[in-house]
Amino acid sequence: MASKGPAGLVGIMFLIYLIYLPSSTIVWNILKNYSCGCIKIPRVFFEEPNVDEDIGAFHDVLKKSDRVFTIAEELNGRMYGISRILPHAFEEL
């Protein structure tokens, strides 16, 4: 009897996920609209939080040590062809 190895488990997990995708919306709508009050569901899942904060640009809120680290990290990544910061944002640092 041959073993399927980890591929069998991954296949089962994929099938469970395919069943979960369409049913998750249905389950959440039932819990949200027809809850009897016996199940406490945090409101965080149903509404987007309102955040009214004036946060400066990335380069304005960095401390000096963080700015030096960010520049060094970006230069190191660019040596390998990986750029995480847009060129104009990097110049503002």
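So, how was this worked out
Residues numbered from 1 in each chain as written. Predicted model: local features only at pLDDT ≥ 70, side-chain atom pairs only at ≥ 80, totals over all residues. Heavy atoms only, no water. Helix = DSSP H or I, 4+ residues; strand = E, 2+ residues; numbered from the N terminus. Buried < 20%, exposed > 50% of the residue type's maximum accessible area, 1.4 Å probe, protein only. pLDDT = per-residue confidence, 0-100. Contact = heavy atoms within 4.5 Å. Expected span 1.5 Å × (residues − 1). Arc of directions from axis to C-beta. Salt bridge = Lys/Arg side-chain N within 4 Å of Asp/Glu carboxyl O. Patch = residues over 30% accessible without salt bridge, like charges linked within 9 Å, V, L, I, M, F, W, Y side chains within 5 Å. Areas by Shrake-Rupley, 256 points an atom, 1.4 Å probe, with all protein chains shown as cover.

### Some points on the overall build of the protein
Thinking step 1. From N to C terminus, the protein includes 4 helices and 0 strands.
Thinking step 2. Burial status across the protein gives 11% buried among its 93 residues.

### A closer look at the confidence of the model for the protein
Thinking step 1. Mean pLDDT for the protein: 78, with 78% of residues reaching 70 or above.
Thinking step 2. The element-level mean pLDDT for the protein is lowest in helix H2 (residues 58-61), coming to 74, with helix H3 (residues 64-79) highest at 90.

### Notes on the side chain of Glu74
Thinking step 1. Tracing the backbone through its elements, the reader meets Glu74 in helix H3.
Thinking step 2. Residue classification places Glu74 among the buried positions, given a relative accessible area of 1%.
Thinking step 3. Excluding residues that lie within four positions of it along the chain, Glu74 makes contacts with Ile82, Ser83, Arg84, Ile85 and Phe90.

### Looking at H3
Thinking step 1. Along its 16 residues, H3 runs 23 Å from first to last C-alpha, staying within 8% of the 22 Å computed at 1.5 Å per residue.
Thinking step 2. Buried residues of H3: Thr70, Glu74 and Gly77, and no others. Viewed end-on, H3 has its buried residues packed into an arc of 65°, placing them on one side of the element. What points out from H3, more than 90 degrees from its buried face, is the exposed set Lys64, Val68, Phe69 and Met79.

### Some words on the pattern of salt bridges
Thinking step 1. On inspection of all chains with the given rule, the structure shows 1 salt bridge.
Thinking step 2. In this structure, Arg78 and Glu74 form a salt bridge, with 2.8 Å as the shortest nitrogen-oxygen distance. One end of the pair, Arg78, and the other, Glu74, are both in helix H3, 4 residues apart, so they sit about a helical turn from each other.
Thinking step 3. By relative accessible area, Arg78 is classed as partly exposed at 33%.

### As for a nonpolar patch on the surface
Thinking step 1. Taken together, the side chains of Phe14, Leu15, Tyr17, Leu18, Tyr20 and Leu21 present a nonpolar region at the surface, about 620 Å² in accessible area.
Thinking step 2. Of note, Leu15 is situated in helix H1 (residues 6-33).

### A word on the side chain of Thr70
Thinking step 1. Tracing the backbone through its elements, the reader meets Thr70 in helix H3.
Thinking step 2. Those residues in contact with Thr70 that sit more than four places away from it in its chain are Phe58, Leu62, Ile85 and Leu93.

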